[in-house]
There are 2 protein chains.
Amino acid sequence: MPSRLTSTDVDFEAKFRALLGAKRESAADVDDAVRAIVGRVRAEGDAALIDLTRRFDGLELTADTLRVESDEIDAAFQATPPETLQALRTAHERITSHHERQRPKDDRYVDALGVELGSRWTAVESVGLYVPGGQASYPSSVLMNAVPAKVAGVERIAMTVPAMRGALNPLVLAAAKICGIDEIYRIGGAQAVAAFAYGTETISPVTKIVGPGNAYVAAAKRQVFGTVGIDMIAGPSEILVIADGANDPDWIAADLLSQAEHDTAAQSILLTDDAAFADAVEAAAERQLKRLSRGATASASWRDHGAIIVVASLAEAPALSDRIAPEHLELAVEDPDGLFAKLRNAGAVFLGRHTPEVIGDYVGGSNHVLPTARSARFSSGLSVLDFVKRTSILKLGPEQLRALGPAAIELARVEGLDAHGRSVAIRLNL
Amino acid sequence: MPSRLTSTDVDFEAKFRALLGAKRESAADVDDAVRAIVGRVRAEGDAALIDLTRRFDGLELTADTLRVESDEIDAAFQATPPETLQALRTAHERITSHHERQRPKDDRYVDALGVELGSRWTAVESVGLYVPGGQASYPSSVLMNAVPAKVAGVERIAMTVPAMRGALNPLVLAAAKICGIDEIYRIGGAQAVAAFAYGTETISPVTKIVGPGNAYVAAAKRQVFGTVGIDMIAGPSEILVIADGANDPDWIAADLLSQAEHDTAAQSILLTDDAAFADAVEAAAERQLKRLSRGATASASWRDHGAIIVVASLAEAPALSDRIAPEHLELAVEDPDGLFAKLRNAGAVFLGRHTPEVIGDYVGGSNHVLPTARSARFSSGLSVLDFVKRTSILKLGPEQLRALGPAAIELARVEGLDAHGRSVAIRLNL
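Residues numbered from 1 in each chain as written. Chains lettered and ligands numbered in written order. Predicted model: local features only at pLDDT ≥ 70, side-chain atom pairs only at ≥ 80, totals over all residues. Heavy atoms only, no water.

Peer 1: Report on the environment of B:A79, specifying residues and quantitative values.
Peer 2: Residue and element names in this part refer to chain B. Examined against the element boundaries, A79 turns out to sit in helix α4 (residues 70-79). Look at A79 and you get exposed, because its relative accessible area is 60%. Sequence spacing of A79 and L171 is 92 residues, and the spatial spacing of their C-alpha atoms is 9.1 Å. (Helix = DSSP H or I, 4+ residues; strand = E, 2+ residues; numbered from the N terminus. Buried < 20%, exposed > 50% of the residue type's maximum accessible area, 1.4 Å probe, protein only.)

This is the structure:
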């Protein structure tokens, strides 16, 4: 049973706070183990990668087989059924066209004093994309991480994916080929992150590392941050569905369970103004859970972390939703745009009854890498902006320096920074 | 003596790598001490703040005096000399007008299938601005951190500044008043960061914490990250000056020393194609060092971390500069725009002989909070973008779901995510 909260109950605020504060992840402390692995890769290069891959992935590699041959990529692509290839291409095309609108524009202008100012955006030089192995080796994740980098103009995108006992998901290779990635390594874990950060004989270091991974990968990304850039560290997935009683309970139950099947730590929350509808969704979820291949995972998530919030009026929804700050927010109500205008904190919003969140996971065009664990209050989903950086520009001539210099000298003086003042004064013969 | 590297020397690459890899900060391990402080503030609230402020700042506070009264802010403002006030106002106005151009635009559009997509930007709800105390209590830092937040539309900006034995820099209060900040606390260190992150009886929690600080403040920001957003953790300041032999050596020496006076760990690098000019700059720096009030700091920085790189031709400059990825980059050459077009990694660029970097510290209009320690390869200076976040938007009707649904179902199928597929299929009666 998911927990049930009713906004008119006297203990609602306390229960809501408990829901917000509940820890869903038991973060294993792997920092020391990861530090040792990163240190070994840094010191020993390829030899460490080969040894660690033998130990952790049960795979015997050599320096020559760390990288996946283009023949193997082509073969995976050729073997992909046409309907799957078509779906991947549809997704790739839609994600590309949406992200192309995110390219920031350079700005260069001259102000009234004649000072030239501006901002120039440039792509990061190279990106390392981590793709998990095993069950979580998703081709959609390749598209969502690689396309914004490509659109940003990143010149080199290298990918790595662990091959447990040699097995690679051919669809991950096919997705990489569709994205134009041909530099792929068959290593994983903290050792792959370290190789991207510091480089080895075979793998050139990158400027930024992105992509999801397990606790070892996340810890390694945190440890190499600074040497390279990293993306956000994503937590377990979440959805908040705000739904009125006019919805089909089966549709809403299906949406809630689509998050729950990701992970036992995932969280699905229904917020509705109709208690009878809440009951109907709960019943529908129970029925549907029995038929899911990942029913055990979804059941555990829905039971342990799921919640149903019943409010007296949907007017209460924006404030509660902003406190939850969900990764995914479905607005299955009569006027979704009106409700959306009243709230601010969400990674992605899905408007209306015919926009299940899953469309955004695959083919909507927006990115499925989104802020979790209430971080939508201060951060955003993955975009082209994550693969560019800005240089600010100033250009003065002698006249502009005469106009602005005295104010700079005064501020340097009151801050006690002599040499600051002098670097201006010396040019003005002051 | 700064180190001297000459690009034609056989050991140049090794020496250049050593320069890039040199550690300038000895990061004190204060994590455990900070963890204890953060835990106490979280558990005990105001009482912990009062006790820790007594202990660390030698100041006796009560819950009523944690916050600086508006009378005290007004008095500081009134007592500011007119020429200082004018300089602060010039800086404020120029920073504001530059940052107003950084506001990202919302995007909402309908594609060929009739799918509505978009991105909506909203401001973070509240920001806590940390301002250091003592010698590093800079009014310019208040402007540089507060203005982008204001321009972004942040509704609440709270500030905190430690008052050692009760003393507050009145110019910091005056700068806050110019920025429209009236919520100011006289606490500092890890305890102030914890108060912003978790709240106390007197201080409401914020959504994001920004601003520079010592090792305790930096460690506290890292520890509360996730609960709140944080800005970058800035390292010691740096400048790279690329200069030809046509410059006045005294001007260039002044620019190099203006970084060096910040901190013994600061780094100033000259890159030139003229060895005689390099000698002249070095001699000028020795002369100028004797006359600086912060001469000891500047000397230590210039001696221990300063470097002069002599190249055979300025054509070598872009590649070397991009590897250094300097926080500040001065291009004191005949064609600064031409050189700028050839390089990519720099936090801020200062074009031509009449744009000393110090103009950017105060009154240029661009931000002086910039990426250090080679992170300009993958990150940018502080801007309006640091105070907003983006929600991505999808809206389909039944027709669009019929068009896109099958591709989503196919991808869910190959990824083994049943419930994902069902949430689409159930709406299409599949």
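Peer 1: How would you summarise the environment of A:E13 if you had to cite specific residues and measurements?
Peer 2: Residue and element names in this part refer to chain A. Mapped onto the elements of the fold, E13 is located in helix α1 (residues 12-21). Judged by relative accessible area, which is 33%, E13 ranks as partly exposed. Among the polar contacts made by the side chain of E13, one reaches the side chain of R323 at a distance of 2.8 Å. (Polar contact = N/O pair within 3.5 Å; in protein donor to acceptor, adjacent residues only side chain to side chain.)

Peer 1: Explain the relation of the copies chain B and chain A residue by residue, including any values.
Peer 2: Of the two same-sequence chains, chain B is brought onto chain A (RMSD 0.0 Å, axial shift 0.0 Å) by a rotation of 180°. Put plainly, the chains are arranged around a two-fold axis. Ranked by how close their C-alpha atoms come to the rotation axis, the residues of chain B are headed by B:P104, at 4.4 Å. Both copies share a contact surface, since 100% of the interface residues of chain B are interface residues in chain A too. (Least-squares fit on C-alpha atoms with pLDDT ≥ 70 in both. Contact = heavy atoms within 4.5 Å.)

Peer 1: Describe the packing of helix α2 (residues 31-44) of chain B against helix α3 (residues 46-57) of chain B, with residues and values.
Peer 2: Residue and element names in this part refer to chain B. Running from amino to carboxyl end, α2 crosses α3 at an angle of 140°, the nearest separation of the two axes being 6 Å. On the basis of the axis angle, α2 is oblique to α3. Here α2 contributes I37, R40, V41 and E44 to the contact with α3, which in turn contributes D46, A47, A48, L49, D51, L52, R55 and F56. Grouping the constituent residues of the contact of α2 with α3 by class yields 7 nonpolar, no polar and 5 charged. (Axes fitted to C-alpha atoms, helices over the stretch in contact; angles between N-to-C directions. Parallel < 35°, antiparallel > 145°, perpendicular 65-115°, else oblique. Nonpolar A, V, L, I, M, F, W, Y, C, P; charged D, E, K, R; others polar.)

Peer 1: Before we move on, could you go through the pattern of salt bridges and cite the residues and values that matter?
Peer 2: For the structure on display, the rule yields 52 salt bridges over all chains. Look at the salt bridges and you will find they share partners, linking A:R40, A:E44, A:D51, A:R54, A:R55 and A:E60 into a network. (Salt bridge = Lys/Arg side-chain N within 4 Å of Asp/Glu carboxyl O.)

Peer 1: Can you explain the packing of aromatic side chains? Please cite residues and give values.
Peer 2: Residues and elements named next belong to chain A. One pass over the structure, following the stated rule, counts 4 aromatic pairs over all chains. Centroid distance F12 to F16: 5.6 Å. Interplanar angle 20°. Geometry classified as stacked. Taken together, the residues span about one helical turn, with F12 and F16 both in helix α1 at a distance of 4 residues. The pair F12 / F16 is uniform in exposure class, with both members buried. (Phe/Tyr/Trp six-rings, centres within 6.5 Å; stacked < 30°, edge-to-face > 60°.)

Peer 1: Give a description of the pairing of strand β3 (residues 116-123) of chain A that names residues and reports values.
Peer 2: All names here are of chain A. Within β3, 7 of the 8 residues are buried, which leaves it mostly tucked inside the rest of the structure. In the sheet, strand β2 (residues 107-110) pairs with β3 via 4 bridges, with the strands oriented antiparallel. When the bridges of β3 are listed, D107 appears paired with S119. Where β2 hands over to β3, the hairpin turn is made up of 5 residues, of which G114 adopts a positive phi near 95°. Pairing between β3 and strand β14 (residues 388-395): 8 bridges, direction antiparallel. Paired with W121 across the bridge in β14 is R390. (Pairing = 2+ DSSP bridges.)

Peer 1: Can you break down the domain arrangement of chain A residue by residue, with the values?
Peer 2: Once the domains are mapped, chain A shows domain 1 (3-23 + 235-364), domain 2 (31-104 + 120-230) and domain 3 (396-428). Once you take the C-alpha centre of each, domain 2 of chain A and domain 3 of chain A turn out to be 49 Å apart. (Domains from an automatic or database assignment.)

Peer 1: An account of the sheet that holds strand β6 (residues 183-185) of chain A is needed here, citing residue identities and associated values.
Peer 2: All names here are of chain A. Strand order across the open sheet formed by 5 strands is β6-β5-β4-β7-β8, with parallel pairing between neighbours. Since the sheet does not close on itself, it has two edges, and those belong to β6 and β8 (229-230), each with one partner. Note: strand β5 (residues 156-160) against β6, 3 bridges, orientation parallel. By the bridge assignment, M159 is partnered in β6 with I184. Lying over the sheet, helix α8 (residues 189-198) contacts β4 (126-130), β5, β6 and β7 (208-210), oriented at roughly 175° with respect to β4.

Peer 1: Let's hear about the UniProt feature "active site" (unreviewed entry) in chain A: which residues, and what values?
Peer 2: Residue and element names in this part refer to chain A. Here the UniProt feature "active site" (unreviewed entry) sits at E327 and H328. Looking at the element boundaries, E327 is found in the loop between α13 (317-324) and β12 (328-332). Setting aside residues no more than four positions away along its own chain, E327 makes contact with S237, E238, G347, A348, H368, L370, P371 and T372. Side-chain polar atoms of E327 contact the backbone nitrogen of E238, separated by 2.9 Å. Tracing the backbone shows H328 in strand β12. (UniProt positions renumbered as here; feature names shortened; annotations may be inferred.)

Peer 1: Just give me the short version of helix α16 (residues 398-414) of chain A, but keep the residues and values in it.
Peer 2: The end-to-end C-alpha distance of α16(A) is 24 Å, a good match for the 24 Å that 17 residues give at a rise of 1.5 Å each. Along α16(A), the largest kink reaches about 45° and is centred on A:L404; proline A:P406 follows within four residues of it. Buried positions along α16(A) lie against α17 (418-425) of chain A together with α5 (82-100) and α15 (358-362) of chain B. After α16(A) finishes, the residue A:G416 shows a positive phi value of roughly 75°. (Expected span 1.5 Å × (residues − 1). Bend = angle between axes of the 7 residues up to and from the residue.)

Peer 1: Can you lay out the packing of helix α5 (residues 82-100) of chain A against helix α16 (residues 398-414) of chain B for me, pointing to particular residues and giving the numbers?
Peer 2: One can describe the packing of α5(A) onto α16(B) by two numbers: an axis separation of 9 Å at closest approach and a directional angle of 115°. The crossing of α5(A) and α16(B) is left-handed. Where α5(A) approaches α16(B), its residues A:E83, A:T84, A:A87, A:L88, A:T90, A:A91 and A:R94 are matched on the opposing element by B:L404, B:A407, B:E410, B:L411, B:R413 and B:V414. Here the contact of α5(A) with α16(B) is composed, by residue class, of 7 nonpolar, 2 polar and 4 charged. (Left-handed = near helix turned anticlockwise from the far one by under 90°.)

Peer 1: For the interface of chain B and chain A, give the residues involved together with the corresponding values.
Peer 2: Contact with chain B, which involves 118 residues of that partner, is made by 118 residues of chain A. Counting the surface lost from both chain B and chain A, the interface buries some 10200 Å², and carbon and sulfur atoms represent 55% of this. For the interface between chain B and chain A, the tally reads 12 salt bridges. Taking the shortest distance from any N to any O, the salt bridge between A:D111 and B:R94 comes out at 2.8 Å. (Buried area = accessible area lost by both parts, 1.4 Å probe.)

Peer 1: I'd like to hear about unusual backbone geometry, residue by residue, with values.
Peer 2: Residues and elements named next belong to chain A. The phi dihedral of R165 falls on the positive side, at around 50°, and the residue is not glycine. Summarising the element assignment, R165 is placed in the loop between β5 and α7 (170-178). According to the relative accessible area criterion, R165 is exposed, its value standing at 65%.

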